[in-house]
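Chain residues, written in single-letter form:
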Amino acid sequence: QVQLVESGGGLVQPGGSLRLSCAASGFTFSRLAMNWYRQAPGKEREFVAGITSNGGSTNYVDSVKGRFTISRDNAKNTMYLQMNSMKPEDTAVYYCNARGRPNFWGQGIQVTVSS
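Note that the structure is predicted; figures quoted are calculated from it, not measured.

The rules behind the values
Residues numbered from 1 in each chain as written. Predicted model: local features only at pLDDT ≥ 70, side-chain atom pairs only at ≥ 80, totals over all residues. Heavy atoms only, no water. Core = buried A, V, L, I, M, F, W, Y, C linked by side-chain atoms within 4.5 Å. Buried < 20%, exposed > 50% of the residue type's maximum accessible area, 1.4 Å probe, protein only. Helix = DSSP H or I, 4+ residues; strand = E, 2+ residues; numbered from the N terminus. Contact = heavy atoms within 4.5 Å. 1 Å grid on protein atoms, 1.4 Å probe; cavity = no way out; pocket = protein on both sides within 12 Å on 5 of 7 lines; lining within 4 Å. Points joined across faces, edges and corners; volume = space filled by probe spheres on them. Nonpolar A, V, L, I, M, F, W, Y, C, P; charged D, E, K, R; others polar. Polar contact = N/O pair within 3.5 Å; in protein donor to acceptor, adjacent residues only side chain to side chain.

**Let's talk about the nonpolar core**
Within the largest apolar cluster, 31 residues are counted, with the highest numbers of intra-cluster contacts made by Trp36, Met79, Leu81, Met83 and Tyr94. Breaking this core down by element, the ones donating at least two residues are strand 3 (18–25), strand 4 (34–39), strand 5 (46–51), strand 7 (68–73), strand 8 (78–83), strand 9 (92–98) and strand 10 (109–113). If we skip the residues at most four places from it in the chain, tyrosine 94 touches Glu6, Leu20, Trp36, Tyr37, Arg38, Val48, Phe68, Leu81, Met83, Gly108, Ile109 and Val111.

**Details of the layout of surface pockets**
Empty space within the largest pocket amounts to approximately 160 Å³. If you go around the largest pocket, the residues you meet are Arg38, Gln39, Ala40, Lys43, Glu44, Glu46, Ser63, Arg67, Lys87, Glu89 and Asp90. Looking at the lining of the largest pocket, its residues break down into one nonpolar, two polar and eight charged.

**Concerning the side chain of arginine 38**
Examined against the element boundaries, arginine 38 turns out to sit in strand 4. Overall, arginine 38 belongs to the buried group, its relative accessible area being 5%. Here glutamate 46 takes part through its side chain, which lies 2.7 Å from a polar atom of the side chain of arginine 38. A polar contact is formed between the side chain of arginine 38 and the side chain of aspartate 90, at a distance of 3.0 Å. Beyond its immediate stretch of four places on either side in the chain, arginine 38 contacts Glu44, Arg45, Glu46, Val48, Ser63, Val64, Phe68, Glu89, Asp90, Ala92, Val93 and Tyr94.

Dropping the structure here:
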């Protein structure tokens, strides 16, 4: 069975950092590009960051460029999102998914940036 499980969320102060993980199973993780999305209250789910299957290329929404870093470890079937210099507007539920796989989504994990 396909499974994507996010972890590492929580509460952080503005300017702080969090590292999210997405553990994948039930499919050949190393063959698929992966994405992070987020959804803030009252807003549409938005793309945050993406990474190609071998980690060779990444892309980000403008609002997180220079602050967030997406990466992956295919040997561990895990994707990461390092979030630095966090802002209150980063508060959202964060989801991982496999690009091109509409049904491959994690359950989401809460990230709250607040003092």
